[in-house]
Amino acid sequence: MRNEAKSGVAATARAFATYSLVPYLGIIFCPGAVFVGTVGVVKSYRANQTGGRSTCFASMMVGLVVLAAQSFLWWILYKVPIWARGF
């Protein structure tokens, strides 16, 4: 039963990380990838098992990187009209 719970957390973290890759809309899923990935890593260390740890850690890192990229894209989206008025 414990391995099923671990793989469930890892699968959820991976799903959040995958959905976060959608341009602009993916920013909704980035915090979920970071949060669920962190929960999975913490649970794997507390249970002293490595099952799903790397997947959760990778999902957490992908969530952080994509969150930075998505934030930059949203910033550009709001700045383009201001820049266009300057011309």
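The rules behind these values
- What you see as residue numbers is a count from 1 along each chain, following the sequence as written.
- The model is predicted, so local features are restricted to residues of pLDDT at least 70 and side-chain atom pairs to those at 80 or more, both for listing and for counting; the totals for chains, interfaces and linings are taken over all residues.
- Each side-chain value is worked out from all heavy atoms of the structure, with water and hydrogens disregarded.
- Whether two aromatic rings pair depends on their centres lying within 6.5 Å, for rings of Phe, Tyr and Trp, where Trp uses its six-membered ring; planes under 30 degrees apart make the pair stacked, over 60 edge-to-face, and the rest tilted.
- Helical segments are the DSSP runs of H or I of at least four residues, strand segments are the runs of E of at least two, and each set is numbered from the N terminus.
- Consider the ring centre and the ring normal. A charge sits over the ring if Lys NZ or Arg CZ is within 6 Å of that centre and within 35 degrees of that normal.
- Axes, fitted as lines to C-alpha atoms, cover a helix only where it is in contact. Angles between the N-to-C directions of the axes lie from 0 to 180 degrees.
- Comment on the angle field: the value is read as roughly parallel under 35 degrees, roughly antiparallel over 145, roughly perpendicular from 65 to 115, and oblique elsewhere.
- Crossing handedness follows the turn of the near helix against the far one: under a right angle anticlockwise gives a left-handed crossing, and clockwise gives a right-handed one.
- Working rule for contacts: check all heavy atoms of both residues, and any pair within 4.5 Å makes them a contact.
- Gly is put with the polar residues, along with every residue not named as nonpolar or charged; the nonpolar set is Ala, Val, Leu, Ile, Met, Phe, Trp, Tyr, Cys and Pro, and the charged set is Asp, Glu, Lys and Arg.

Would you mind showing me how to read the packing of aromatic side chains here?
We describe a pair of aromatic rings using the distance from one ring centre to the other and the angle between the two ring planes. Applying the stated criterion to the full structure yields 6 aromatic pairs. Seen in terms of ring centroids, Tyr19 and Phe29 are 5.6 Å apart; in terms of plane orientation they differ by 45 degrees. Their pairing is tilted. Note that Tyr19 is positioned in helix 1 (residues 2–19) and Phe29 in the loop between helix 1 and helix 2 (30–46), a separation of 10 residues in sequence. Note on Trp75 and Trp83: the rings are 5.7 Å apart at their centroids and 75 degrees apart in plane angle, and the pair reads as edge-to-face. By the ring-pair criterion, three or more aromatic residues cluster together here, those being Phe16, Tyr19 and Phe29. Against the face of Tyr45 rests Arg53, its NZ or CZ located 3.8 Å from the ring centre.

Would you mind going over the packing of helix 2 against helix 3 (residues 53–85) with me for this structure?
For any two helices packed against each other, the geometry is given by the interaxial angle and the distance between the axes. Two elements in contact, helix 2 and helix 3, have axes whose closest approach is 7 Å; the angle formed by their N-to-C orientations is 155 degrees. With respect to helix 3, the element helix 2 is oriented roughly antiparallel. Here the hand of the crossing between helix 2 and helix 3 comes out left-handed. Of the residues in helix 3, those in contact with Cys30, Ala33, Val34, Gly37, Thr38, Gly40, Val41, Ser44 and Tyr45 of helix 2 are Arg53, Cys56, Phe57, Ser59, Met60, Gly63, Leu64, Val66, Leu67 and Gln70. Of the residues belonging to the contact of helix 2 with helix 3, the class tally is 11 nonpolar, 7 polar and 1 charged.

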